[in-house]
Amino acid sequence: QLRLVESGGGLVQAGGSLRLSCQASGSIFRINFMGWYRQDPGQQRELVAGITSGGSENYADSVKGRFTISRDSAKNSVYLQMNSLKSEDTAVYYCRVIDRGTGDSWGQGTQVTVSS
């Protein structure tokens, strides 16, 4: 597994913004995918946004137009800019990196809480 360090979570009012960061380190061969998932208690983990090594992006319907994913290949980092946050966005957000050699890695998660 790669080491994934997440940051940027916290408490924000509805309508506000947060920017999540995730940096990967370790035995990186080639990163094929980086993404953000979220999970509420008792629910399955769901994809929020992902980006491939070629730059293709995909988003959950619920965040389209509000969230933007980006990556910095030189820093092995991925970011999630979250604007116009809603209470429904409250969840633990997890970074995921799929490396061609190492495989699938997950961060420990960072809490995002949006107050009404």
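Residues numbered from 1 in each chain as written. Predicted model: local features only at pLDDT ≥ 70, side-chain atom pairs only at ≥ 80, totals over all residues. Heavy atoms only, no water.

S.K.: Please explain the pattern of salt bridges as it appears in this structure.
M.R.: Should the charged atoms of two oppositely charged side chains come close, the side chains can pair. Overall, the coordinates contain four salt bridges when judged by the stated rule. Here D89 makes a salt bridge to R38, at a shortest N to O gap of 3.0 Å. Here R38 lies in strand β4 (residues 31-39) and D89 lies in the loop between β8 (77-82) and β9 (91-99), a separation of 51 residues in the sequence. Taking the relative accessible area as the measure of exposure, R38 reaches 13% and is therefore buried. Taking the shortest distance from any N to any O, the salt bridge between D61 and K64 comes out at 3.1 Å. (Salt bridge = Lys/Arg side-chain N within 4 Å of Asp/Glu carboxyl O. Helix = DSSP H or I, 4+ residues; strand = E, 2+ residues; numbered from the N terminus. Buried < 20%, exposed > 50% of the residue type's maximum accessible area, 1.4 Å probe, protein only.)

S.K.: When you look at the side chain of E6 in this model, what are you seeing that I'm missing?
M.R.: Among the secondary structure elements, E6 is positioned in strand β1 (residues 3-7). The buried charged residue E6 lacks any salt bridge, with R45 as its nearest oppositely charged partner at 7.8 Å. At a separation of 2.6 Å, a polar atom in the side chain of E6 contacts the main-chain amide nitrogen of C95. Among the polar contacts listed, one links the side chain of E6 to the backbone nitrogen of G109, at a separation of 2.6 Å. (Lys, Arg positive; Asp, Glu negative; His and termini not counted. Polar contact = N/O pair within 3.5 Å; in protein donor to acceptor, adjacent residues only side chain to side chain.)

S.K.: Hey, could you run me through the environment of G26 in this one?
M.R.: For G26, the location among the structural elements is in the loop between β3 (18-25) and β4. In this structure G26 comes out as exposed when scored by relative accessible area, which is 58%. Note: C-alpha distance between G26 and G8 (18 residues apart in sequence) is 21 Å.

S.K.: Before we go on, may I ask you to explain the state of the cysteines in this structure?
M.R.: Cysteine pairs can be covalently joined through their sulfur atoms, and such a bond is termed a disulfide. Counted according to the given criterion, the structure contains one disulfide. Here C22 engages in a disulfide with C95; their sulfurs sit 2.1 Å apart. On the sign convention where negative means left-handed, the S-S torsion of about -85 degrees between C22 and C95 marks this disulfide as left-handed. Of this pair, C22 sits in strand β3 while C95 sits in strand β9; the two residues are 73 residues apart in sequence, bridging distant segments of the chain. (Disulfide = S-S within 2.5 Å.)

As far as function goes, none of this settles anything; it's purely spatial.
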